Amino acid sequence: MTDFASMLQPDRGQPARTIHVVHPDAYEGWLAKQSQRFRTTVAAHRLTGKPGDRAVLPGDTADDWSMLLVCNEAVTSPWRIASLGASLPAGTYRLAEGPVGAAGLGWMLAQHQFTRYVKSDTTGPRILLTEDAAHIDQTVRLAEATALVRDLVNTGASDMSPADLEAAAETLAKRHAATVTTTRGDALATGYPMIHAVGQAASKDRAPRLIELEWGDPSHPRIALVGKGVTFDTGGLDIKPSAGMRLMKKDMGGAAHALALASLVMATKLPVRLHLLIPAVENSIAGNAFRPGDVLATRKGLTVENTNTDAEGRLVLGDALTKAGESNPELILDFATLTGAARVALGPDLPPLFTDDESLAADLLAAGIAEGDQMWRLPLWNAYDEMLKSDVADMVNAPDGGFAGAVTAALFLRRFVPKGTAWAHLDVFAWRPSAKPGRPKGGEAYALRAAFTMLKTRFPLS
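Residues numbered from 1 in each chain as written. Predicted model: local features only at pLDDT ≥ 70, side-chain atom pairs only at ≥ 80, totals over all residues. Heavy atoms only, no water.

A. Just the packing of aromatic side chains, in detail. What the rule picks out here adds up to 5 aromatic pairs. For the pair Phe412 and Phe416, a centre-to-centre distance of 5.2 Å together with 45° between the ring planes defines the contact as tilted. There is no split in this pair, since Phe412 and Phe416 are both buried. (Phe/Tyr/Trp six-rings, centres within 6.5 Å; stacked < 30°, edge-to-face > 60°. Buried < 20%, exposed > 50% of the residue type's maximum accessible area, 1.4 Å probe, protein only.)

Rendered as structure tokens:
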């Protein structure tokens, strides 16, 4: 596990190299105030003050130097100096202009490596000094939670089965004195029939399960976090093409987000009674796989005509949301890599938010802006509810025609949430298709920091 705590340390005046971070608009004014030696070096590098310009600036001795970075990221951005966190030599650094702030997170995440299958970079940590020592622990926890999402999603499906998701929940439970209860295999058939149906074709060692973690004082407000845990998705009998199946190890990204958010809640000791639910399945193909046209029972008592075995995530979430609602929580949040339609609408970086609760929507959107972890609200458009109509059951899981796919998926989930309960659904991609500073290609956390900030605002520490 990456030692993030070693990368951000209190500034007590210890020796450190200086990093100058200058906005393009302020570049000329900054340069005019520097020494002739600095200006000569900058001229030799032919820098013009455009974003991304950088140079090593000489000091008074051969071993003395500082770093210049021209950056147009806001001072509140976690990614402001992330490019340096990954590229500077091992050593200790401090910012010359302004506080570290959120940039400490990007500095640490730039040094995180997924090393399960490859050797790690052993050059040693790059340490950033900060005068805001009080926020170091919280920043480290955010880095650890983000890395947890990345590592779980990056793990190949051969090593990330429903049992492995259960083991991840058990690890968190042991760390935070929580309890885990798991319902597995055929025991799901009566209580959680949709989870059972989706996962029944997998091999016995990859049997479906509902993983539940409980933590906190029962007298505190109850919240539920639900994460889609499809550890691999072939598409079932409506099999995906090879290009569509290539990244389906990431279809448990919702579960990874829910686990990471639960870890933040518990590590921060928010005054809540936490209920984490992960329906964990592998959507496989075998003689006993569920079929298009099957009518599925549900924990809620509704019937669902299965029109597409590749729309399985909403099925397993339906049973989990029903169970979450039975404990009368004040709030339910679900995370899921649910629809390609969400990616077509908003791309990989901007997850859609669905909720009927105006206050919850406002809190999440505001938190996303504050944390640089934004989402975009899409409508639970009631007029599209009729698209879920079935001729033989209470509803279908995937309407014909393909219109408004992200919206109809959210409307399907809404039918399993108790009326009057504050609920939000986040359709996250959980994957970064191309690298950015501090954000390598691969598994990624979206709206995680925003969701946590919202929870801290709603359930503040006394």
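On we go from here.
B. Spatial organisation of the pattern of salt bridges. Enumeration according to the criterion identifies 24 salt bridges in this entry. Where Asp251 meets Lys228, a salt bridge forms, and the shortest distance between an N and an O atom there is 2.9 Å. Placement of Asp251 in the loop between helix 9 (242–245) and helix 10 (253–268) and of Lys228 in the loop between strand 9 (222–227) and strand 10 (229–233) is noted, with a sequence separation of 23 residues between them. Accessibility expressed as a relative area gives 3% for Asp251, which makes it buried. Note on Lys228: relative accessible area 2%, which makes it buried. The partner of Lys240 in a salt bridge is Asp310, and the shortest N-O contact between them spans 3.0 Å. With Lys240 in the loop between strand 10 and helix 9 and Asp310 in the loop between strand 13 (303–305) and helix 11 (313–325), the pair connects residues that are 70 residues apart, well separated along the chain. With a relative accessible area of 17%, Lys240 lands in the buried category. Residues joined by salt bridges that share partners form a network here, namely Arg150, Asp349, Arg432, Lys436 and Glu444. (Salt bridge = Lys/Arg side-chain N within 4 Å of Asp/Glu carboxyl O. Helix = DSSP H or I, 4+ residues; strand = E, 2+ residues; numbered from the N terminus.)

C. Quick look at the layout of surface pockets. Each pocket or cavity is described by its volume, and for the largest pocket that value is around 1,000 Å³. Along its surface, the largest pocket is lined by 42 residues, and Met1, Thr2, His112, Ala147 and Asp151 are the ones closest to its centre. Of all the secondary-structure elements, those providing two or more residues to the lining of the largest pocket are helix 5 (136–154), helix 6 (162–176) and helix 10. Broken down by element, the lining of the largest pocket gets its largest block of residues, 8 residues, from helix 5. Along the lines of polarity and charge, the residues of the lining of the largest pocket split into 19 nonpolar, 13 polar and 10 charged. What lines the second largest pocket is a set of 30 residues, and nearest its centre among them are Asp310, Leu338, Thr339, Gly340 and Ala341. Looking at the lining of the second largest pocket, the elements with two or more residues in it are helix 9, helix 11, helix 12 (340–346) and helix 14 (405–414). Taken together, the residues of the lining of the second largest pocket break down into 10 nonpolar, 9 polar and 11 charged. (1 Å grid on protein atoms, 1.4 Å probe; cavity = no way out; pocket = protein on both sides within 12 Å on 5 of 7 lines; lining within 4 Å. Points joined across faces, edges and corners; volume = space filled by probe spheres on them. Nonpolar A, V, L, I, M, F, W, Y, C, P; charged D, E, K, R; others polar.)

D. Structural detail: a nonpolar patch on the surface. Among the surface-exposed residues, Leu237, Ile239 and Ile285 lie close enough to one another that they form a single nonpolar patch of about 260 Å² accessible area. Inspection of the secondary structure puts Leu237 in the loop between strand 10 and helix 9. Relative accessible area serves as the criterion here: at 38%, Leu237 is assigned to the partly exposed category. (Patch = residues over 30% accessible without salt bridge, like charges linked within 9 Å, V, L, I, M, F, W, Y side chains within 5 Å. Areas by Shrake-Rupley, 256 points an atom, 1.4 Å probe, with all protein chains shown as cover.)

E. Representation of helix 10 within the structure. With 16 residues, helix 10 should reach 22 Å at 1.5 Å per residue; the first-to-last C-alpha distance of 23 Å fits that figure. Helix 10 sits mainly inside the fold: 15 of its 16 residues count as buried. In the stretch just after helix 10, Lys269 is the one whose phi turns positive, near 60°. (Expected span 1.5 Å × (residues − 1).)

F. View of the packing of helix 5 against helix 10. The geometry of helix 5 relative to helix 10 is characterised by a closest axis approach of 9 Å and an angle of 160° between their N-to-C directions. Relative to helix 10, the element helix 5 lies roughly antiparallel. In the crossing of helix 5 with helix 10, the sense of the turn from one axis to the other is right-handed. Between helix 5, through Gln138, Arg141, Leu142, Ala145, Leu148, Val149, Leu152 and Val153, and helix 10, the contact on the second element is made entirely by Gly253, Ala256, His257, Leu259, Ala260, Ser263, Leu264, Ala267 and Thr268. Grouping the amino acids of the contact of helix 5 with helix 10 by side-chain chemistry returns 11 nonpolar, 5 polar and 1 charged. (Axes fitted to C-alpha atoms, helices over the stretch in contact; angles between N-to-C directions. Parallel < 35°, antiparallel > 145°, perpendicular 65-115°, else oblique. Left-handed = near helix turned anticlockwise from the far one by under 90°. Contact = heavy atoms within 4.5 Å.)

G. Representation of the sheet that holds strand 13 in the model. Taken together, 3 strands build an open sheet; the order of strands is 12-13-17 and the sheet is mixed. Of all the strands in the sheet, just strand 12 (295–297) and strand 17 (395–396) have a single pairing partner and so form its edges. Pairing between strand 12 and strand 13: 3 bridges, direction antiparallel. Residue pairing for strand 13: Ala297 is matched across the bridge by Thr303. (Pairing = 2+ DSSP bridges.)

H. Up close: helix 2 (residues 36–44). Every buried residue of helix 2 is listed here: Phe38, Thr41 and Val42. For helix 2, the angular spread of the buried residues around the axis is 100°, confining them to a single face. Along helix 2, exposed side chains directed more than 90 degrees from the buried face belong to Gln36, Ala43 and Ala44. On its buried side, helix 2 packs onto strand 2 (17–22), helix 1 (27–32), strand 3 (54–58) and strand 4 (65–70). Of the residues flanking the end of helix 2, it is Arg46, one or two places downstream, whose phi is positive at about 55°. (Arc of directions from axis to C-beta.)

I. Spatial organisation of the sheet that holds strand 5 (residues 91–95). Pairing is mixed in the open sheet, where 6 strands are placed in the order 1-6-5-2-4-3. This sheet does not close on itself; its edge strands, each paired only once, are strand 1 (8–10) and strand 3. Between one strand axis and the next, the sheet turns through 30° on average, direction left out of account. Bridge count for strand 2 against strand 4 is 4 bridges, and the pairing is parallel. For His20, the partnering residue across the bridge sits in strand 4 and is Leu68. Here helix 2 sits on the sheet in contact with strand 2, strand 3 and strand 4, set at roughly 145° to strand 3.

J. Focus on unusual backbone geometry. Positive phi values are uncommon outside glycine, yet Lys269 reaches one of about 60°. Turning to its location among the elements, Lys269 is positioned in the loop between helix 10 and strand 11 (273–283). The phi torsion at Ala404 lies on the positive side, around 50°, for a residue other than glycine. Within the element layout of this structure, Ala404 appears in the loop between strand 17 and helix 14.

K. Structural view of the pairing of strand 14 (residues 331–336). Extensive coverage of strand 14 is indicated by the burial of 6 of its 6 residues. Burial along strand 14 is two-sided: Leu331, Leu333 and Phe335 and Ile332, Asp334 and Ala336, pointing in opposite directions, are all buried. Bridge count for strand 9 against strand 14 is 5 bridges, and the pairing is parallel. The residue bridging Gly227 from the neighbouring strand is Phe335, located in strand 14. In terms of strand pairing, strand 14 meets strand 18 (residues 422–427) through 6 bridges, oriented parallel. Bridged to Asp334 within strand 18 is His425.

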